[in-house]
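The residues making up each chain are set out below.
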Amino acid sequence: MPTTATDPVLTIAVVLVSALTTLVRAWIAHRTAVSREQEHTERTRIAVGGSASEHRAAVVRACAELEAAAQQPAARQPALRRRGPRSP
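To start, this report covers the structure provided alongside it. All of these numbers come straight from a predicted model, not from anything done at the bench. (Residues numbered from 1 in each chain as written. Predicted model: local features only at pLDDT ≥ 70, side-chain atom pairs only at ≥ 80, totals over all residues. Heavy atoms only, no water.)

1. Focus: the overall build of the protein chain
Part 1: Across its full length, the protein chain carries 2 helices and 0 strands.
Part 2: Expressed as a percentage of its 88 residues, the buried residues of the protein chain come to 6%.
Part 3: Accessible area of the protein chain: about 8400 Å², with a carbon and sulfur share of 62%. (Helix = DSSP H or I, 4+ residues; strand = E, 2+ residues; numbered from the N terminus. Buried < 20%, exposed > 50% of the residue type's maximum accessible area, 1.4 Å probe, protein only. Areas by Shrake-Rupley, 256 points an atom, 1.4 Å probe, with all protein chains shown as cover.)

Written out as structure tokens, the structure reads:
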């Protein structure tokens, strides 16, 4: 059985596109993680800024709990009940 030779230019192009795709995905994942951390830090800073010093630890714990609850899958979070239409 003869083996078919592939075009070397096409092979290089496919490898380069694949590598570039992997690099872009990694960069997007990194920037997303950095952005989430900055947003979390800013929310915590704002929450702590308006609290008394003896309550700051509790505020930070509450922020951490809220962040953890927000990252859970939707199936685990309690469903919000929608209000039906008002009757005339």
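2. Focus on the side chain of Thr44
Part 1: Checked against the element boundaries, Thr44 lands in helix α1 (residues 8-49).
Part 2: Not counting chain neighbours up to four residues away, the residues in contact with Thr44 comprise Val60 and Cys63. (Contact = heavy atoms within 4.5 Å.)

3. Section: the pattern of salt bridges
Part 1: A complete count under the given rule lists 2 salt bridges for this structure.
Part 2: Ionic pairing is found between Glu42 and Arg45, a salt bridge with its closest N-O pair at 2.5 Å. You can see Glu42 and its partner Arg45 sitting in helix α1, 3 residues apart, about one turn around the helix.
Part 3: Glu42 sits in the partly exposed class, given a relative accessible area of 36%.
Part 4: Salt-bridge contacts for Glu67 lead to Arg43; the nearest nitrogen and oxygen are separated by 2.7 Å. On the criterion of sequence distance, the pair formed by Glu67 in helix α2 (residues 56-70) and Arg43 in helix α1 is long-range, its members being 24 residues apart. (Salt bridge = Lys/Arg side-chain N within 4 Å of Asp/Glu carboxyl O.)

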